[in-house]
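# Structural overview for review
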Amino acid sequence: MSPSDITNKLWNYCHVLRDDGMSYGDYVEQLTYLLFLKMADERTQAPYNQPSIVPQQYSWSSLIKKDGDELFDHYRHALDALGKEKGLLGLIFNKAQNKFQDPAKLRRLLVDLIDKENWSVMSADVKGDAYEGLLEKNAQDTKSGAGQYFTPRALIQAMVDVMAPEPGETIADPACGTGGFLLAAHQYLVDNYPNMTKPQKKALKAETFKGWELVQSTARLCAMNMLLHGIGDQQYEPIVVSDSLASDPGDRFDLILANPPFGKKSGTTIVGEGGKVSKERDTVERDDFWATTSNKQLNFVQHIKTLLKVNGRAAVVVPDNVLFEGGAGETIRRKLLHECDVHTLLRLPTGLFYAQGVKANVLFFDKKPASETPWTRRLWIYDLRTNRHFTLKTNPLKREDLDDFVKCYVPEAPHLRVPTWHGDDSPHPGPLPGGEGTIHEGRWRAFDYEELIKRDKASLDIFWLKDESLENSDNLPEPGVIAADIVEDLEAALAQFREIATDLGADVVNDVING
């Protein structure tokens, strides 16, 4: 059975459960518990014959034998007991609850859908891709809010392709969501290094990856996602449930891939005497940070710099404000340009993320040893935003849309990079990394360090291509695309105004809301 067949089979049953009020997210979570128990049971049988990590009284076979209210009670007790275990069991089942309303529907999922498949025999690609398919469907359910944890897979693949991880390197994501970056890096290593030694394969399974996730329910999905792809076991937990910004964990990594959460600045709502509401900004103060700020995205950039080994490499998705914000933002950019080699910036188009109003970029930098002279010599920028229009449903970003960027990046030899912009939009006169027939449109150009630090606030918010829709009305995109762009801009502006209003105080916000 193909990944899409399994995904559709499991997903179609979700529609039955929707009648009982179970959300998409709840369904994927219940599926996670049951798949884990089924696979643990399979590992106790031939050819594996491994001891079960699940106590016998809560095993898969104990569930299958029961029906009706007896099944319901046993399932509830099993979830509660397993959540108190340590290691991977505790991570998967922590605070787990039964969300089924009808014992018959739970029984059908157990017997007809899960028990009929041998999940352990199924290749990691098939079962892993099927689970990823469920996570993506859940992300598409905008009401669940799950989309904030889901980065477009085409973008992840391109980022991993240019970062080109190697066997033996340690790889981390301090805001791992459901594990997309870690799994793509794992797949890259499996595909590109088919002849890994036994020690290398063992390290790939149990020493290579580390992720942090703040939300327990998301960490659960991530741990299961990785387990289905062959990463992690009861002795090795690749996922830590914690606020990764709270402190320096002490670990250092060769490679970091991340899309830290967008959204409002951190804050704590405090209800005082007489019900008066105020908002305290959560600033992160750390000795290893260059600046103190409540901007989470700027803090993640600083945190990622800390997590890197010397000469370690990072690729991180950041919103536009990281590129232009003043104050702490300027301080952090100047320090980053000086102490790291900030070599590449990919300007992303709108319409890629499930969160509305997001204008984002990918920043690539390498951590370097201490030096009096700046490590950044030249920043290469690829503009994929100007005159490009994508939507989640009708025109989603595909991996081939990033082929030109990957070719221009020249992962195997960055010193051979060639700009495609030369003062106008004319094609480059010489040979290009992409070869004949590649449409570059002058999207790739470099800026020297001296140019960057002379810019107002050392802003990296740089564009140079002409917007064709402003030049000629014949080049206007479809009305639906224009409407979507307007919505994106309004959503982004509203998010910024909400932050400003919050900074001014809750009383002001309430006065405005209440007229």
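Everything here concerns the structure above.
So, a few notes on the structure that sits alongside this text. A quick note: this is a predicted structure, and the numbers were derived from the prediction, not measured.

Conventions and cut-offs
- Residues numbered from 1 in each chain as written.
- Predicted model: local features only at pLDDT ≥ 70, side-chain atom pairs only at ≥ 80, totals over all residues.
- Heavy atoms only, no water.
- Helix = DSSP H or I, 4+ residues; strand = E, 2+ residues; numbered from the N terminus.
- Buried < 20%, exposed > 50% of the residue type's maximum accessible area, 1.4 Å probe, protein only.
- Contact = heavy atoms within 4.5 Å.
- Areas by Shrake-Rupley, 256 points an atom, 1.4 Å probe, with all protein chains shown as cover.
- Axes fitted to C-alpha atoms, helices over the stretch in contact; angles between N-to-C directions.
- Parallel < 35°, antiparallel > 145°, perpendicular 65-115°, else oblique.
- Left-handed = near helix turned anticlockwise from the far one by under 90°.
- Nonpolar A, V, L, I, M, F, W, Y, C, P; charged D, E, K, R; others polar.
- Polar contact = N/O pair within 3.5 Å; in protein donor to acceptor, adjacent residues only side chain to side chain.
- 1 Å grid on protein atoms, 1.4 Å probe; cavity = no way out; pocket = protein on both sides within 12 Å on 5 of 7 lines; lining within 4 Å.
- Points joined across faces, edges and corners; volume = space filled by probe spheres on them.
- Core = buried A, V, L, I, M, F, W, Y, C linked by side-chain atoms within 4.5 Å.
- Expected span 1.5 Å × (residues − 1).

Before going further, it helps to examine the overall build of the chain. For the chain, the count of helices and strands is 19 helices and 11 strands. Relative to its full complement of 515 residues, the chain shows a buried share of 49%. For the chain, long-range pairs separated by at least 24 residues make up 75% of all intrachain contacts whose partners lie at least 6 apart in sequence. Per element, the accessible surface of the chain, about 24,100 Å² overall, is 49% carbon and sulfur.

This part covers the packing of helix α12 (residues 296-307) against helix α14 (residues 328-339). Where α12 meets α14, the axes come as close as 11 Å, and the angle between the chain directions of the two elements is 25°. Considering their axes alone, α12 and α14 lie roughly parallel with respect to each other. Note on packing geometry: the crossing formed by α12 with α14 is left-handed. Along its contact with α12, which presents Leu298, Val301 and Gln302, the element α14 presents Gly329, Ile332 and Leu336. Of the residues contributing to the contact of α12 with α14, the split by class is four nonpolar, two polar and no charged.

All right, on to the side chain of Lys210 then. Relative to the assigned elements, Lys210 resides in strand β2 (residues 209-213). Since its relative accessible area comes to 19%, Lys210 is described here as buried. Polar side-chain contacts of Lys210 include one of 2.9 Å to the side chain of Asp251. When neighbours within four sequence positions are excluded, Lys210 is seen to be in contact with Ile171, Ala172, Asp173, Leu182, Tyr236, Pro238, Val240, Asp251 and Phe253.

Turning our attention to the side chain of Ser59. Within the element layout of this structure, Ser59 appears in the loop between α2 (24-42) and α3 (60-64). For Ser59, the side chain forms a polar contact with the main-chain oxygen of Gln56, separated by 3.0 Å.

What follows concerns unusual backbone geometry. Along the chain, Ala46 connects to Pro47 via a cis peptide bond; the corresponding omega equals 5°. Looking at the element boundaries, Pro47 is found in the loop between α2 and α3. With phi around 75°, Asn311 is a residue other than glycine that occupies positive phi space. Structurally, Asn311 can be placed in strand β7 (residues 308-319).

The next thing to look at is empty space enclosed by the protein. For the structure shown, the criterion picks out two cavities of 30 Å³ or more. Volume-wise, the largest cavity comes out at about 40 Å³. Contributing to the lining of the largest cavity are Leu298, Val301, Val322, Leu323, Ile332, Arg333, Leu336, Leu363 and Leu460. When residues of the lining of the largest cavity are assigned to their parent elements, the largest contribution, three residues, is made by α14. Roughly 40 Å³ of internal volume is contained in the second largest cavity. Around the second largest cavity, the lining residues are Leu10, Leu35, Trp119, Lys127, Ala130, Tyr131, Leu134 and Leu228. Per element, the largest residue contribution to the lining of the second largest cavity is four residues, and it comes from helix α7 (residues 124-140).

In this section: the nonpolar core. Soluble globular proteins: nonpolar side chains tend toward being buried together. Counting 102 residues, the largest nonpolar core has Phe93, Phe209, Leu346 and Phe364 as its most contacted members. With 11 residues, the top contributor of residues to this core is α2. Leave out the neighbours within four places in its chain, and Phe93 touches Tyr33, Phe36, Leu37, Leu79, Leu82, Gly83 and Arg220.

Helical geometry: 3.6 residues make up each α-helical turn, so side chains three or four residues apart lie on a common side. Taking 1.5 Å of rise per residue, the 13 residues of helix α11 (residues 216-228) would be expected to cover 18 Å, and the 18 Å separating its terminal C-alpha atoms lies within 8% of that figure. Across the 13 residues that make up α11, a large majority, 12, are buried. Where α11 is concerned, the buried positions are Gln216, Thr218, Ala219, Arg220, Leu221, Cys222, Ala223, Met224, Asn225, Met226, Leu227 and Leu228. Following α11 by one or two positions, Gly230 adopts a phi angle in the positive range, close to 90°.

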